[in-house]
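Listed below, chain by chain, are the residues.
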Protein chains: 2
Amino acid sequence: MVKVSLEGALAFMGPEGPDYAAAERAHRTLLQRSGAGSEFTGWLDLPQRMADTELKDILAAAQRIRQQGQALLVVGIGGSYLGARAAIELLRGASHNQTSDGAQVYFMGNTLSPDALYELTQELGDRDFTVNVISKSGGTLEPALGFRAAKAMLERKYGKSGAKERIYVTTDARRGILHDTAVAEGYPRFTVPDDVGGRFSVLSAVGLLPMAAAGIDIEAVIACAIRELQELRLSTPDNPAWQYAAARQKLCALGKTTEILACYEPSFRFMAEWWKQLYGESEGKNGLGIYPASVEYNADLHSMGQYIQDGPRCLMETVVSFDRPLHPCAVPFAEGDPDGLNYLAGRELTDIQNVARDAVVAAHVAGGVPNIGIHVPCRDEAGFAALVCFFEAACAVSAYMSGVNPFDQPGVEAYKKNMFRMLKGE
Amino acid sequence: MVKVSLEGALAFMGPEGPDYAAAERAHRTLLQRSGAGSEFTGWLDLPQRMADTELKDILAAAQRIRQQGQALLVVGIGGSYLGARAAIELLRGASHNQTSDGAQVYFMGNTLSPDALYELTQELGDRDFTVNVISKSGGTLEPALGFRAAKAMLERKYGKSGAKERIYVTTDARRGILHDTAVAEGYPRFTVPDDVGGRFSVLSAVGLLPMAAAGIDIEAVIACAIRELQELRLSTPDNPAWQYAAARQKLCALGKTTEILACYEPSFRFMAEWWKQLYGESEGKNGLGIYPASVEYNADLHSMGQYIQDGPRCLMETVVSFDRPLHPCAVPFAEGDPDGLNYLAGRELTDIQNVARDAVVAAHVAGGVPNIGIHVPCRDEAGFAALVCFFEAACAVSAYMSGVNPFDQPGVEAYKKNMFRMLKGE
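Below: a short report on this structure. All of these numbers come straight from a predicted model, not from anything done at the bench.

**Concerning the pattern of salt bridges**
All names here are of chain A. One pass over the structure, following the stated rule, counts 54 salt bridges over all chains. The salt bridge partner of Glu89 is Arg85, with a shortest N-O separation of 3.1 Å. With Glu89 and Arg85 both in helix α4 (residues 82-92) and four residues apart, this pair spans about one turn of that helix. Since its relative accessible area comes to 6%, Glu89 is described here as buried. Of the residues examined, Arg85 reaches a relative accessible area of 21% and is grouped as partly exposed. Between Lys136 and Asp172 there is a salt bridge, with its nearest N and O atoms 2.9 Å apart. Taken together, the positions of Lys136 in the loop between β4 (129-134) and α7 (141-164) and Asp172 in the loop between β5 (167-171) and α8 (177-185) put the pair 36 residues apart, joining distant regions of the chain. Since its relative accessible area comes to 30%, Lys136 is described here as partly exposed. Here the salt bridges share partners, and the residues they tie into one network are Lys136, Asp172, Arg174, Arg175 and Asp194.

Below is the structure:
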């Protein structure tokens, strides 16, 4: 379902092109679960496992959440935050809370800003709400403090026993401080799998419960993901995950050390943030890794466009396109043609958007920025599932090609150690 | 009002430190208006000119806009978009449209996505609204098509003559397709100054009219900006603009070619986007320029944090801090201490946020990422004005230090030429 186009990249690579033999080795390592971090490759069959186990419970909980109130506060950070937000914004629009018929979903526990907490309570107003706290261990400071605040808000509004009915916990199946609290209090529990790292967990309960509450058809997402992961097992250079991984590794070796992910849909903003975590955290270690950046076109053509066209030539650009819009719309005719654009009247905005995209690719390639195109049919559940599976598979292949463990994140501990020591006055 | 801290950067620079002599030369070139692009240095006295001329008219128009409806659609791209959005999100929160008592402000004309247009109309619903179209020439495709759509929406709801009463135009004072339309139709007009480029224009009517409509005290912004620009004329190494410009140029020369702008306030997101345009477009030319990236902490500590800690050492990090919150809040006490965090109960979230920030700085500096601190007293009108003036002055100094014209953007034309040729079928 995902198509990769390397037309704008091959000319930069020399006659040998991408190293598909290396991609094949990395892919085999992944599928045989024989590489570094292989204990965290559960995402390879996660959709099938979800279909076989928790999916129905998640749907039932989402229905109850929508019955209990208009709003759901999702407490989480990193992989317990970005996937659900990316999915909901992509599929329901950035303004989903003003337009969607699902639950309004707000995210907290990813900041320590008192102002952000205040603004969230103002936005929530007097609406009925529930809470989904998501944390593997329960020991991460930001969501732990976020959950404290959320629980205090619930208890003020509903009393202690009323609050208890409105808390949904996604955490480790067997252990941890949040698991133990959930068992003691009798909160409904959902599982953060042991063999899936946070940044690969969007198709577990971590992402699926908030998505379902927001009205996304998670059964369709899971069905498409199962098919997509099957297709991504293909062991030839037609595999789009090989193409993307091998192209970006080749370009990186040639000095293109920053990758800009671009999309022409404003609703893609948090998919790009999810992608940054996936690639940054998987590849950025041992002094290695391509810097993952993002832009939002057309807006940023009039911002970062100058730098991309004329700045240092250490960039590559990857453009995600959806082949057809959800809500087609044509340019209106204007009487008297005040802006001189009647030659476009009646033309689909999507066509004009595609012309702009092709014009940008041509300009940037001519300016020395290799281009990788990623095409998905539509900004729907199937398109979301396809992008998630594609980016995850390609990320693991790419990281193995560069020689790092795709599944650990040792560097995240450094500031935490400092912080807990300083907070405890040690 | 802005304080720059180079404590976390000096150790990376060697004994000679930042090149303040070069900063002084660049600053003199700027103030004497003797360098490349000096015809676009009108922003140096723009706040005073606004106070003397359009400010009262903008306030009156903003009041009328609020009387005419709950919502204002702002049509613009690049410098005609990012400044107002940055100001409104910083000062009123990212959810300002759900919580503010000013007009709800929506941005359009920065995308060609039909889905984004559809979602905007859904979000707008049946509320009364007005339109502020912002374009120097009127010839830029995205806002021109955005204005067509906005005008068609107005005419459907209010008829042709009703629509006319609800359109506010910010454009060139004397010429251009949008100027001519505004004169012919009798729309109220505000000025995009001739001597101020788009990315430096937030303190002109371009930014001030949407800000005032949203309920921001633009008289306070302008008064503070006048003071700040005066202070930034200081010709010693105590000038924070010298410190920031000289430090980042030095670090760039030492191989720190990507600058990550970080802030711990989620409401800062679009200030970082504004900053990216300012620095990317001013410095990214002739194969030169520091790549401007951004992160949102604490969230991205659990995303890009790994790469920043352990990836390639070509990064510098600049952290913007507001010294005190608008809405202080302490950690609540939890009965039974289920999460083990009662040792923090009663402590201000801001204190904990500051400990986290200091812990991160220490970890990143130890990991090889130089740190520049930027401190502003508060996330209010004065703080916004100070940051704008500081970043603009430092940007011009920094670009002159690197030998480029800070005020042109020749690279933005490349895709436009392709696009218009392709749209016209040439």
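**Focus on the sheet that holds strand β3 (residues 104-108) of chain A**
Residues and elements named next belong to chain A. Taken in spatial order, the five strands line up as β3-β2-β4-β5-β6 in an open sheet, and their pairing is parallel. Two strands in the sheet have a free side with no partner beyond their single neighbour: β3 and β6 (189-191). Neighbour-to-neighbour, the strand axes of the sheet open up by a mean angle of 20°, direction not taken into account. Alignment of strand β2 (residues 71-75) against β3, held across five bridges, turns out to be parallel. Counterpart to Leu73 in the pairing with β3 is Tyr106. Docked against the sheet, helix α3 (residues 55-68) engages β2, β4, β5 and β6, running at close to 150° with respect to β5.

**Details of the interface of chain A and chain B**
Across the boundary between the two partners, chain A contributes 113 residues, which contact 113 residues of chain B. Across the chain A/chain B interface, buried area totals approximately 9300 Å², and carbon plus sulfur atoms make up 62% of it. Linking chain A with chain B are 10 salt bridges. For Arg148 of chain A, the salt bridge goes to Asp337 of chain B, with nearest N and O atoms at 3.0 Å. Across the contact surface, chain A and chain B share 46 residue pairs in polar contact (both at pLDDT 80 or more). For the side of chain A that touches chain B, the class distribution of residues is 59 nonpolar, 32 polar and 22 charged.

The rules behind these values
Residues numbered from 1 in each chain as written. Chains lettered and ligands numbered in written order. Predicted model: local features only at pLDDT ≥ 70, side-chain atom pairs only at ≥ 80, totals over all residues. Heavy atoms only, no water. Salt bridge = Lys/Arg side-chain N within 4 Å of Asp/Glu carboxyl O. Helix = DSSP H or I, 4+ residues; strand = E, 2+ residues; numbered from the N terminus. Buried < 20%, exposed > 50% of the residue type's maximum accessible area, 1.4 Å probe, protein only. Pairing = 2+ DSSP bridges. Axes fitted to C-alpha atoms, helices over the stretch in contact; angles between N-to-C directions. Contact = heavy atoms within 4.5 Å. Buried area = accessible area lost by both parts, 1.4 Å probe. Polar contact = N/O pair within 3.5 Å; in protein donor to acceptor, adjacent residues only side chain to side chain. Nonpolar A, V, L, I, M, F, W, Y, C, P; charged D, E, K, R; others polar.

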